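# Analysis of the macromolecular model
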Amino acid sequence: MIKALIFDFDGLIVDTESPAYQAFCKIYGEYGRELPLELYARCVGTSFDAFNPYTHLAGLLGQEGDPERIRQQVDVCYRDLLKDVQPRPGVISYLQEARKLGLRVCIASSSYYNWIEPYLDRFNLHGYFDFINTADLVKKVKPDPELYLLSLQKLEVRPEEAVSFEDSLNGFNAAKSAGVRTVIVPNEMTATFKFEGYDLIIPDMEAMPLNELIRRLERQKRVEESE
């Protein structure tokens, strides 16, 4: 039986990821360079340790490259793109339904809390989550499973009793490594990513009510156990 839901944040609850890529592409373009999505994808859902688009552009520019100036330019563009951002379709309905169903709910995000918290305030989301697990609390972020293992521990559930909601390959791999069932909800940018081995994929949370999604996952589990 499913007892808990574990949500990613960036790109999943609020799509801050597509605007980030758009901002980088704009600044790269101003310098006459391109940022292929397959390259940028390495840092989506994880930290810039996997791929740093600021230092990458600086390296492409050679002596003219200044990572700090690039960072400032991207930041201005990014913040402008984020002004009108809203929770993704169906997110609030899922959170409300989870409460009605008595499910425990948490966030497992590779971002830091000081990035997430203003959005939780802005959209009045704090009350929906039992725990908010972020990069501040772990040694390694996704694709390492540490955030998921911490979430399972706090939620007091076994991996098979939880469902993850992810939009990125790094998040998906973290959930799978922790043994948690995976629902992929790609956003505008990650829709082209090649996800393999997930339990379910939906275009957004309006596409399927939460109770139906849970029934489908539990049916799949019973079929797997009977084979």
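Preceding this section is the structure that the text describes.
Every chain's residues receive numbers from 1 upward, in the order its sequence appears when written. Restriction of local features to residues with pLDDT of at least 70 applies here, the model being predicted, together with a cutoff of 80 or more for giving and counting side-chain atom pairs; totals for whole chains, interfaces and linings are based on all residues. The side-chain numbers reported here are obtained from all heavy atoms of the structure, hydrogens and water having been left aside.

This next bit is on the overall build of the protein chain. Helix and strand content of the protein chain: nine helices and six strands. The globule rule used here is 2.2 Å times the number of residues to the 0.38 power, and the radius of gyration it is set against is calculated over C-alpha atoms. The C-alpha atoms of the protein chain give a radius of gyration of 18 Å, which matches the 17 Å a tight globule of 227 residues would have. Here the term buried applies to any residue with accessible area under 20% of the maximum for its type, exposed to any over 50%, and partly exposed to those in between, with areas from a 1.4 Å probe on protein chains only. Put simply, the protein chain has 227 residues, and 51% of those count as buried. In what follows, a contact means two residues having at least one pair of non-hydrogen atoms within 4.5 Å. The contacts of the protein chain with a sequence gap of at least 6 include a subset with a gap of at least 24, amounting to 65%. Residue-level accessible areas treat just the shown protein chains as cover; the underlying method is Shrake-Rupley with a 1.4 Å probe. Of the roughly 11200 Å² that the protein chain leaves accessible, carbon and sulfur atoms contribute 48%. A distance of 3 Å separates the average location of the 26 positive side-chain charges in the protein chain from that of its 36 negative side-chain charges. Secondary structure elements follow DSSP: runs of H or I no shorter than four residues count as helices, runs of E no shorter than two count as strands, and numbering proceeds from the N terminus. Counting rule applied: Lys, Arg positive; Asp, Glu negative; His and chain ends not counted. For this purpose, a charge sits on NZ of Lys, CZ of Arg, CG of Asp or CD of Glu.

Whenever a helix is involved, its axis is fitted only over the stretch in contact; in every case the axis is a line through C-alpha atoms, and angles between N-to-C directions fall within 0 to 180 degrees. Taken N-terminus to C-terminus, the directions of helix α1 (residues 17–30) and helix α4 (residues 67–82) make an angle of 135 degrees; their axes are 9 Å apart at the nearest point. What the angle tells us is that α1 and α4 run oblique. For the crossing formed where α1 meets α4, the hand is right-handed. Here P19, A20, Q22, A23, F24, K26 and I27 of α1 come into contact with α4, specifically with I70, Q73, V74, C77, Y78, L81 and L82. Across the contact of α1 with α4, the residue classes tally to 11 nonpolar, two polar and one charged. In what follows, roughly perpendicular refers to angles from 65 to 115 degrees, roughly parallel to angles under 35, roughly antiparallel to angles over 145, and oblique to any angle outside these ranges. In this scheme, a crossing is called left-handed if the near helix is turned counterclockwise away from the far one by less than a right angle; it is called right-handed if the turn is clockwise. Basically, the charged four are Asp, Glu, Lys and Arg, the nonpolar ten are Ala, Val, Leu, Ile, Met, Phe, Trp, Tyr, Cys and Pro, and anything else, Gly included, counts as polar.

Between the first and last C-alpha of helix α9 (residues 210–226) there are 25 Å, a value that for 17 residues agrees with the 24 Å anticipated at 1.5 Å per step. Buried within α9 we find L210, L213, I214 and L217. When α9 is viewed along its axis, its buried side chains cluster within an angular range of 100 degrees and face the same direction. Opposite the buried face of α9, at more than 90 degrees from it, the exposed residues are R222 and S226. Helices are assigned an expected span. That span is 1.5 Å times one less than the residue count. The arc in question is traced by the directions running from the helix axis to the C-beta atoms.

This brings us to the sheet that holds strand β5 (residues 181–184). As summarised here, the arrangement of the six strands in space is β3-β2-β1-β4-β5-β6, forming an open sheet in which the pairing is parallel. Looking at strand neighbours, the two that pair on one side only are β3 (131–133) and β6 (200–201), the edges of this open sheet. Whether two strands pair depends on DSSP finding at least two bridges between them. Of the strand pairs in this sheet, strand β1 (residues 4–7) and strand β2 (residues 104–108) are connected by four bridges, and their pairing is parallel. By the bridge assignment, F7 is partnered in β2 with I107. Those strands touched by helix α8 (residues 169–177) are β4 (162–166) and β5, and its axis lies near 160 degrees from that of β5.

Let's shift gears to the nonpolar core. Buried Ala, Val, Leu, Ile, Met, Phe, Trp, Tyr and Cys residues that are joined via side-chain atoms within 4.5 Å together make up what is termed a nonpolar core. L5, F7, I13, Y40, F129, F165 and L213 are the most contacted members of the largest nonpolar core, which totals 63 residues. Looking at which element gives the most residues to this core, the answer is α1, with six residues. When sequence neighbours within four positions are dropped, the list of residues in contact with Y40 reads A20, Y21, F24, L35, F51, P53 and M189. By size, the runner-up hydrophobic cluster in this structure holds 18 residues, among which are C106, V141, L150 and L155.

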